[in-house]
Amino acid sequence: MKILHLDSNHPLLIEQLNVLGFSNDEDYTSSKEVITSKISDYHGIVIRSRFAIDKAFIDAATNLKFIGRVGAGLENIDVNYAQEKGISLIAAPEGNRNAVGEHALGMLLALLNKITQADREVKNGHWRREKNRGIELDGKTVGLIGYGNMGKAFAKKLRGFDVDVICHDIKSNVEDENAKQVSLEDLQNRSDVLSLHTPETPLTIGMVNLKFISQFKKPFWLINTARGKSVVTKDLVSALESGKILGAGLDVLEYEKASFEDLFKPEEPKSRWMRKAKKTKLPEAFEYLINAENVILTPHVAGWTLESHEKLAQTIVDKIKAEFC
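Residues numbered from 1 in each chain as written. Predicted model: local features only at pLDDT ≥ 70, side-chain atom pairs only at ≥ 80, totals over all residues. Heavy atoms only, no water.

Colleague: Tell me what's going on with the overall build of the chain, and back it up with residues and numbers.
Modeller: Scanning the chain for helices and strands turns up 13 helices and 12 strands. Relative to a compact globule of 325 residues, whose C-alpha radius of gyration would be 20 Å, the chain shows 21 Å and is just as compact. Dimensions along the principal axes, computed over C-alpha positions, put the chain at roughly 65 × 55 × 40 Å. Counting the 325 residues in the chain, one finds 46% classified as buried. When contacts within the chain are restricted to residue pairs at least 6 apart in sequence, long-range pairs at least 24 apart make up 61% of them. On the chain, roughly 16900 Å² of surface is accessible, and the fraction owed to carbon and sulfur atoms is 51%. Averaging the positions of the 44 positive and the 45 negative side-chain charges in the chain gives two centres separated by 3 Å. (Helix = DSSP H or I, 4+ residues; strand = E, 2+ residues; numbered from the N terminus. Rg over C-alpha atoms; globule rule 2.2 N^0.38 Å. Buried < 20%, exposed > 50% of the residue type's maximum accessible area, 1.4 Å probe, protein only. Contact = heavy atoms within 4.5 Å. Areas by Shrake-Rupley, 256 points an atom, 1.4 Å probe, with all protein chains shown as cover. Lys, Arg positive; Asp, Glu negative; His and termini not counted. Charge placed at Lys NZ, Arg CZ, Asp CG, Glu CD.)

Written out as structure tokens, the structure is:
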């Protein structure tokens, strides 16, 4: 079987697939059109988020047996159409779930204790102890929306704290010893902290909007290490301004490109007129987040550790081996 690798990954991925007898080609720079023109030569592809695997691409991939996504989600793949064509879909949420859990916990503790704010002030010559008085996590209720690999990993990290952890998921019977499953209404009534662990689907895009936020009984802290489009940024800003949301830790943003790469570099417009007219000014809501003391931003790196780099690749290898060897 011939595999085309469309994004660079940990070297073990290709090394181990070679040992298993697969033929591996790499193309990290060609346009989607060029890739589409030759994809019929391959039985498998391995991708992160370089471009969308849509219906037209799948139709061109006449010999494709599997798509391996070195990551947790499959939102850049037309899942239903791929499955109709009998193509196996292989993702690796097991590979970076621990990293995401640790990052979410780090963001939450940093927010509650004003660590990033205090760090900036001290480095700028300001010693403001009262302004940087923190809040303890113990005694709080942490609500998780989405209780799959990532939600469970975060809940496990919270076991060392005296907190109540509750979760809401569209699937039933997902609770375990680390979190009790509740209705969305119950979660909104009880939570002091909301952490998102959902994939990008029609149900989750724009989920955290003004109506959703207003249904929380108490002001709360928001952590999002899932997908940026789940949160309507302008509504988040309104809630931060009003105090309904006390602070936010965001590893993902509504404005991210599908590839998750280079947020600050504008997409290249297709027409000459659009290139002339394009603006590079950041959205007003994003400008607010950049300057807000109670907001922590990271560049979609919650699952992006040295260890997860290796574990993600190993998970893909193991799943390909299990199905095709």
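Picking up where we left off.
Colleague: Just give me the short version of the pairing of strand E10 (residues 220-224), but keep the residues and values in it.
Modeller: Counting buried positions along E10 yields 5 of 5 residues, so the element is predominantly enclosed. Here strand E9 (residues 193-196) pairs with E10 via 4 bridges, running parallel. Across the sheet, residue Ser195 finds its bridge partner in E10, namely Ile223. Here E10 pairs with strand E11 (residues 245-250) via 5 bridges, running parallel. (Pairing = 2+ DSSP bridges.)

Colleague: So what's going on with a positive patch on the surface? Which residues, and what values?
Modeller: Judged by side-chain charge, Arg97, Lys156, Arg159 and Lys311 come together as a positively charged surface patch. A relative accessible area of 55% means that Arg159 is categorised as exposed. (Patch = residues over 30% accessible without salt bridge, like charges linked within 9 Å, V, L, I, M, F, W, Y side chains within 5 Å. Salt bridge = Lys/Arg side-chain N within 4 Å of Asp/Glu carboxyl O.)

Colleague: Explain the pairing of strand E7 (residues 164-168) to me, and be specific about the residues and the numbers.
Modeller: The pairing of strand E6 (residues 141-145) with E7 spans 5 bridges and is classified as parallel. Paired with Thr141 across the bridge in E7 is Asp164. Read from E6 through helix H7 (residues 149-157) to E7, the crossover connection turns out right-handed. Looking at chain direction, E7 and strand E8 (residues 180-181) are connected through 2 bridges and run parallel. Following the sheet pairing, Cys167 is matched in E8 by Gln181. (Right-handed = clockwise from strand over helix to strand, strands pointing away.)

Colleague: Requested: an account of the sheet that holds E7, with residues and values cited.
Modeller: Pairing within the open sheet is parallel, and its 7 strands lie in the order E8-E7-E6-E9-E10-E11-E12. Here the strands that pair on one side only, and so sit at the sheet edges, are E8 and strand E12 (295-297). Alignment of E6 against E9, held across 4 bridges, turns out to be parallel. Note that in E9 the partner of Gly143 across the bridge is Leu194. Contacting E6, E7 and E9, H7 crosses the sheet at an angle of about 165 degrees to E6. (Axes fitted to C-alpha atoms, helices over the stretch in contact; angles between N-to-C directions.)

Colleague: Which residues make up the packing of aromatic side chains, and what values do they have?
Modeller: As enumerated under the stated definition, the model contains 5 aromatic pairs in all. Every member of this aromatic cluster is reached through a ring pair, and the members are Phe212, Phe216 and Phe220. One cation-aromatic arrangement involves Lys2 over Tyr42; the distance from NZ or CZ to the ring centre is 4.9 Å. (Phe/Tyr/Trp six-rings, centres within 6.5 Å; stacked < 30°, edge-to-face > 60°. Lys NZ or Arg CZ within 6 Å of the ring centre and 35° of its normal.)

Colleague: Account for the pattern of salt bridges, naming residues and giving values.
Modeller: Going through the model one piece at a time under the given rule, you end up with 15 salt bridges. We note a salt bridge from Lys32 to Asp54, for which the minimum N-O separation is 2.9 Å. Placement of the pair is Lys32 in helix H2 (residues 32-38) and Asp54 in the loop between strand E3 (44-47) and helix H3 (55-60), with a sequence separation of 22 residues. Take Lys32: its relative accessible area is 22%, and that puts it in the partly exposed class. Between Glu130 and Arg133 there is a salt bridge, with its nearest N and O atoms 2.7 Å apart. Residue classification places Arg133 among the exposed positions, given a relative accessible area of 55%. Within this structure, Glu121, Arg128, Lys131 and Glu293 form a network of salt bridges that share partners.

Colleague: Outline unusual backbone geometry, supporting the account with residue identities and numerical values.
Modeller: The residue Asn173 is not glycine, and still its phi comes out positive at about 60 degrees. Inspection of the secondary structure puts Asn173 in the loop between E7 and E8. You can call Asn173 exposed: its relative accessible area is 72%. One non-glycine residue with positive phi stands out, namely His300, at about 55 degrees. Tracing the backbone through its elements, the reader meets His300 in the loop between E12 and helix H13 (306-324).

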